[in-house]
Amino acid sequence: MSDPASGAMAAVFAGSTLRLAVPLLLGATGELVSERAGVLNMSVEGMMLTGAFAGAVGAVYTGSPALGLLIGVLAVLPVALLQAFLSITLRANQVVTGIGINILVLGATTLAYREIFGGRSRAEVPGFDKWHPPLLSQIPVFGDAVFTQVWLVYLALALVALVAWTMRYTALGLALHSAGSEPKAVDKSGLSVTAVRYGAVVFTGVLSAIGGCFLSIGDIHTFTEGMTSGAGYLAIAAVIFGNWKVGRMLLACLLFGAATALQFQLPALGIQVPNAILIMLPYLLALLAVGGWWGGRVRRLI
Amino acid sequence: MNQATRWTNVLQDQRAVLLSLAAVVGALVLGLLLVAAIGVPMGDAVAAFADGAWGSPYALAASINRSLVFTLVGLGFVLANRANLTNVGGEGQIAIGAIAATAVCLHPGVAGLPVGLGFVLPMLAACVCGGLWGALIGLLKVKVGTNEVISSLMLSFIGVWLLYGSVQSEALLRQPMTSSSTLPESLEIPDPTKLPLLTGDAGMPLHWGLPLGIVLAVLVAVVLHRTVFGLRLKAVGLNALAARKAGIAIAPAIVGVFFAAGALGGLAGSMMLQGEQYSLKAGFSSGYGFDGLVVGLLARGSVIGVVAGALLFGFIRSGGINMEMTANVPSSLVLVIQGVIIVALAGSARWMDKKGAAR
C-alpha cells in the first residue's frame, strides 16, 4: 500500500464495507437478541423493508430525515407485534409466519409506494448528511474515506456494543438468555416469559427498522421497491455464522459488506468479473459460513 | 382407529378446510377493499382479473401452466415437510433446472433426436441438476447440521444469480451478439425441444406437462402414504432420535427427500422454459418458487391441498397480472393477498392441528 492511489482505493473499500455492513449489523443484532430469547424471526427482511419505506415516506412528508427515522421505527411496531402475537401467543410455525410477513410487507410497501409517489420510482427523499467526526476524519488517506459516514453508522456500532454488554453483564441479559434456554425457570422467578419474548421481538423490529431507514434515508436517499433484497436473510445468516456471539456476528456482517462492496470496487480497478458472481458473492459466503466451511461448530437452529 | 376418532378426524379435516376457505375469502375481500382504496372501480378490476385468469382459452391455459409450476414446487415442499424439513429452495431449483434444460435444448444434435428425446432429455437434465442442487441442502444438514431454511434460501439467491450470469455471457448461454440491441438472453430453443401442445393449437397453449404433473401428484401421494420411504420420512419427522433407534438410516432419507424436492423444482423450471417461454432470460421465474413454497405451506401435507392451492395461486397470479396491465391495479396487490392468507393460516394452525396435539 505504498502507492497513494492504491491506499486511497483501499480506504474507499474499507469505507463502503462498513457502510454496507451497517444495515445487516442492525438486523442481525436484533435477531440475535430475539433468538436468544427463543423466537426465530424470519421477518427481519420485512421489518427492514417496513423501516426503509416508512422512513422514506416520513422524510418526504415532514421534510426531515430525523422525523423520517422516528416514523420508520414507529411503523415497524405493528409488524413486530404481529410477528410476536403469531409466534409467541399463537405458537405458529416461525418460518411460515416470517415468510408470510415478508411477502405481505413486500406487497404492501410496493403498493403503497406506487400509490403515494405514482409510477415514478427513485424519487429523491430528504436524507441524512454525512458527518465528519473530529480527529478521526483527519487521519491521512483513510480518515475521510472510512470515518465520514452518516451518524447512524456510529449509532449502530454503539448499539451493538450496548447489546453485547447488556446480554453479558445485566439482569436483563440473563432474563433474555433464560427465556430462550430455561423458560420454566424464568416463569418461576416471577418474570413473564411471554413479556420478555414480546420485548425481544419488538426490539428486533426497532433495530431492523433503523437498518432499513439507513438504506433509504441514510445511504441512497431514495426508496426502491423491495430494496432490502435479501439483506434480512443475510442478517439471519450472520447470526448463525456468528454462533450467537456478537463479535463473530459483527465479523460476518463486515464480510458480507465487503463482498457487496467488491461489486463497486473491482470494476473500478479494471478487474472484469461477471456482475452476477459479484451480486451472488454475499449469499455464497453466507452459505459457506453457515455450512461451517471455516470450522467452528454450527448449532442446529430449529 | 375406532369409530369415534375417525369421526373426530373428519370433523377436524372439515374445520381445516373451512378455516382455509375463510382465510382465502377474507384475503380476497381485503384485496377488493384495497382496489377500492386505490380508486379503481371495483367492477373494472374484477373484470380485468377474470379476463386474465380464465377469460379466454389462452388465459385459461396460461393460468393452468402457472399452476403446474406451483404444483411441482409445492409437491417438493410437502415431500420434505413430511420429514419435518422445510425446503425454501424452490426458486433456486427452478433456476438450476431451467439453466440445465436450456443448455441441453441448445446443444447441437439434441433437437434431431428421435422419439421425442429432443424434449425429454432436457427435462431429465433439469431433474438431475435440480435434484443435485436440492440434495446439497440435505448434505449440509446431515454433514454439518446447517439449518435447511437458511441454506435453501441462500441456494435460492445463488441459483437465481447463476441464471442471470449465464444469460449475460456469450461463453455460457447468451445468444450471439449480432447488434447492440441483442438482449442478454438465450437463443430461442429449437422447435423439437419444445413441449408438444395437448390441443395442437397455440391459442390454447396447454402442454404435455399437464398430464405429467397429474401423474407426479399421484405418485407423490402414493410415496407419502403407501410406501416404506414415506413411512420412514414420517418417522424421521416425528422423532428423528427414535427413528434412528428403530434402525432407519436418517441421513440418506434426508438427502434423498431433498433430491426429490429439487428434481421437482428443476422439472418445473424446464416446463417453464420448454412449455411457455422458450428462451432463458434474467427474471425468468419472478418468484414462482416462492409461490410454490407458499402453496406447499398452505397444503398442510396434503397432495390434494397442493393441487388446490396451486390452482388458486395460478389463477390469482394470472388475474393479478392482467389487472395491472388493463385496470391499473399494481400486481403487488397479489402479494398482499398471499401474505394475508399465509399469516392467517399460520396463525390458525393451532385450531386445525388439535387432532395432532391430542394424539
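Residues numbered from 1 in each chain as written. Chains lettered and ligands numbered in written order. Predicted model: local features only at pLDDT ≥ 70, side-chain atom pairs only at ≥ 80, totals over all residues. Heavy atoms only, no water.

Focus on the overall build of chain A
Counting its regular elements, chain A contains 12 helices and two strands. What you see in chain A, going N to C, is helices and strands ordered as α-α-α-α-β-α-β-α-α-α-α-α-α-α. Rg of the C-alpha trace for chain A: 19 Å, near the compact-globule value of 19 Å for 302 residues, within the 12% margin. Reported as C-alpha extents along the three principal axes, the dimensions of chain A are approximately 65 × 50 × 40 Å. Expressed as a percentage of its 302 residues, the buried residues of chain A come to 57%. Taking all contacts inside chain A whose residues are at least 6 apart in sequence as the whole, residues at least 24 apart take part in 74%. (Helix = DSSP H or I, 4+ residues; strand = E, 2+ residues; numbered from the N terminus. Rg over C-alpha atoms; globule rule 2.2 N^0.38 Å. Buried < 20%, exposed > 50% of the residue type's maximum accessible area, 1.4 Å probe, protein only. Contact = heavy atoms within 4.5 Å.)

Regarding the side chain of Thr-260 of chain A
Residue and element names in this part refer to chain A. Within the element layout of this structure, Thr-260 appears in helix α11 (residues 246-268). From its side chain, Thr-260 meets the backbone oxygen of Phe-256 in a polar contact 2.8 Å long. In this view, Thr-260 contacts Leu-20 and Pro-282; residues no more than four positions away in its chain are not counted. (Polar contact = N/O pair within 3.5 Å; in protein donor to acceptor, adjacent residues only side chain to side chain.)

A closer look at helix α11 (residues 288-298) of chain B
Counting buried positions along α11 of chain B gives 10 out of 11 residues, so the element sits mostly inside the fold. Listing the buried residues of α11 of chain B in full gives Tyr-288, Gly-289, Asp-291, Gly-292, Leu-293, Val-294, Val-295, Gly-296, Leu-297 and Leu-298 of chain B. Packed against the buried residues of α11 of chain B are α4 (94-117) of chain A together with α3 (57-82), α4 (90-106), α10 (250-277), α12 (303-327) and α13 (332-352) of chain B.

A few points about unusual backbone geometry
All names here are of chain A. In this structure, Arg-91 takes a positive phi of about 50 degrees despite not being glycine. With respect to the secondary-structure elements, Arg-91 resides in the loop between α3 (65-89) and α4. Even without glycine at this site, Trp-244 takes up a positive phi of about 60 degrees. Among the structural elements, Trp-244 can be located in the loop between α10 (231-241) and α11.

Focus on α3 of chain A
Residue and element names in this part refer to chain A. With 25 residues, α3 extends 35 Å between its outermost C-alpha atoms, agreeing within 8% with the 36 Å of an ideal straight helix rising 1.5 Å per residue. Most pronounced at Leu-77, the bend in α3 amounts to some 30 degrees, and the proline Pro-78 follows within four residues. The N-cap residue of α3 is Ser-64: its side-chain oxygen and the backbone nitrogen of Ala-66 are 3.2 Å apart. Immediately downstream of α3, the backbone of Arg-91 shows phi near 50 degrees, a positive value. (Expected span 1.5 Å × (residues − 1). Bend = angle between axes of the 7 residues up to and from the residue.)

What about the nonpolar core?
Counting 177 residues, the largest nonpolar core has Phe-256 of chain A together with Met-154 and Val-329 of chain B as its most contacted members. Considering every element that reaches this core, the biggest residue donor is α10 of chain B, with 12 residues. If near-sequence neighbours (up to four positions away) are discounted, Val-329 of chain B is found in contact with Val-35, Ile-38, Val-40, Ala-45, Met-323 and Glu-324 of chain B. Ala-37, Val-163, Ala-179 and Val-193 of chain A belong to the second-largest nonpolar core, a separate cluster that totals 10 residues. (Core = buried A, V, L, I, M, F, W, Y, C linked by side-chain atoms within 4.5 Å.)

Some words on the interface of chain A and chain B
Across the boundary between the two partners, chain A contributes 42 residues, which contact 40 residues of chain B. Between chain A and chain B, the buried area comes to about 3500 Å², and carbon and sulfur atoms account for 81% of it. Of all residues in chain A, Ile-103, Leu-111 and Leu-287 of chain A give up the largest surface area on contact with chain B, accounting jointly for 17% of the area buried on that side. Along the contact surface separating chain A from chain B lie one salt bridge. The closest approach of N and O atoms between Glu-324 of chain B and Arg-114 of chain A, which form a salt bridge, is 3.5 Å. Here chain A is connected to chain B by two residue pairs in polar contact (both at pLDDT 80 or more). Contributing elements (two or more residues each) for the side of chain A that touches chain B: α3, α4, α10 and α12 (275-290) of chain A. In terms of residues, the side of chain A that touches chain B owes the most to one element, α4 of chain A, which gives 15 residues. (Buried area = accessible area lost by both parts, 1.4 Å probe. Salt bridge = Lys/Arg side-chain N within 4 Å of Asp/Glu carboxyl O.)

Brief notes about the packing of α3 of chain B against helix α7 (residues 209-226) of chain B
Residue and element names in this part refer to chain B. Remark: α3 packs on α7, axes separated minimally by 10 Å, with the N-to-C direction vectors making an angle of 15 degrees. Taken together, α3 and α7 sit at an angle that is classed as roughly parallel. For α3 against α7, the interelement crossing comes out left-handed. Along the contact surface, α3 presents Ile-64, Leu-68, Leu-72, Leu-75, Val-78, Leu-79 and Arg-82, while α7 presents Gly-209, Leu-210, Gly-213, Leu-216, Ala-217, Val-220, Val-223, Leu-224 and His-225. Per-class residue counts for the contact of α3 with α7 are 12 nonpolar, three polar and one charged. (Axes fitted to C-alpha atoms, helices over the stretch in contact; angles between N-to-C directions. Parallel < 35°, antiparallel > 145°, perpendicular 65-115°, else oblique. Left-handed = near helix turned anticlockwise from the far one by under 90°. Nonpolar A, V, L, I, M, F, W, Y, C, P; charged D, E, K, R; others polar.)

Regarding the confidence of the model for chain B
Residues and elements named next belong to chain B. Confidence in the prediction for chain B averages 88 pLDDT; 95% of positions are at 70 or higher. Contacts of residues 355-359 to residues separated by more than four positions or lying in other chains number three contacts, the stretch itself having pLDDT below 50. This complex was scored by the predictor with a pTM of 0.88 and an ipTM of 0.87. (pLDDT = per-residue confidence, 0-100.)

Concerning the packing of α3 of chain B against α12 of chain B
All names here are of chain B. In contact at an axis separation of 7 Å, α3 and α12 are set at 140 degrees when each is read in the N-to-C sense. Overall, the two elements α3 and α12 adopt an arrangement that is oblique. Crossing of α3 against α12: the hand is right-handed. Across from Leu-60, Ala-62, Ser-63, Ile-64, Arg-66, Ser-67, Phe-70, Thr-71, Gly-74, Leu-75 and Val-78 in α3, the residues of α12 making contact are Val-303, Val-306, Val-307, Ala-310, Leu-311, Phe-313, Gly-314, Phe-315, Arg-317, Ser-318 and Ile-321. Its residues assigned to classes, the contact of α3 with α12 shows 14 nonpolar, six polar and two charged.

What to know about the packing of aromatic side chains
One pass over the full model with this rule turns up 10 aromatic pairs over all chains. Seen from their ring centres, Tyr-283 of chain A and Phe-157 of chain B are 4.3 Å apart, and the 15 degrees between their planes marks the pair as stacked. One end of the pair, Tyr-283 of chain A, is in helix α12; the other, Phe-157 of chain B, is in helix α6 (residues 148-166), on a second chain. Judged by relative accessible area, Tyr-283 of chain A falls into the buried class, the value being 7%. By relative accessible area, which is 17% here, Phe-157 of chain B ends up buried. Taken together, a centroid distance of 6.1 Å and an interplanar angle of 50 degrees make the contact between Trp-54 of chain B and Phe-315 of chain B tilted. You can see Trp-54 of chain B sitting in helix α2 (residues 42-54) and its partner Phe-315 of chain B sitting in helix α12, a full 261 residues away along the chain. What makes Trp-54 of chain B partly exposed here is its relative accessible area of 48%. An aromatic cluster is defined as three or more aromatic residues linked by ring pairs; in this entry it consists of Phe-53, Tyr-113, Phe-117 and Phe-223 of chain A. Lying over the aromatic face of Phe-241 of chain A, Arg-248 of chain A brings its terminal NZ or CZ to 5.0 Å of the ring centre. The cationic tip of Lys-194 of chain B hangs over the ring face of Tyr-278 of chain B; the distance from NZ or CZ to the ring centre is 4.4 Å. (Phe/Tyr/Trp six-rings, centres within 6.5 Å; stacked < 30°, edge-to-face > 60°. Lys NZ or Arg CZ within 6 Å of the ring centre and 35° of its normal.)

Focus: a nonpolar patch on the surface
All names here are of chain B. Taken together, the side chains of Leu-113, Val-115, Leu-117, Val-120, Leu-121 and Leu-124 present a nonpolar region at the surface, about 490 Å² in accessible area. Within the fold, Leu-124 resides in helix α5 (residues 117-144). Since its relative accessible area comes to 47%, Leu-124 is described here as partly exposed. (Patch = residues over 30% accessible without salt bridge, like charges linked within 9 Å, V, L, I, M, F, W, Y side chains within 5 Å. Areas by Shrake-Rupley, 256 points an atom, 1.4 Å probe, with all protein chains shown as cover.)

Structural notes on the pattern of salt bridges
All names here are of chain A. All told, the structure shown has seven salt bridges over all chains when counted by the stated rule. Of the charged contacts, one joins Arg-19 and Asp-219 as a salt bridge, the two residues approaching to 3.0 Å between their closest N and O atoms. One end of the pair, Arg-19, is in helix α1 (residues 4-36); the other, Asp-219, is in helix α9 (residues 193-220), with 200 residues separating them in the sequence. A relative accessible area of 22% places Asp-219 in the partly exposed class. Here Arg-114 makes a salt bridge to Glu-225, at a shortest N to O gap of 3.0 Å. Note that Arg-114 is positioned in helix α4 and Glu-225 in the loop between α9 and α10, a separation of 111 residues in sequence.

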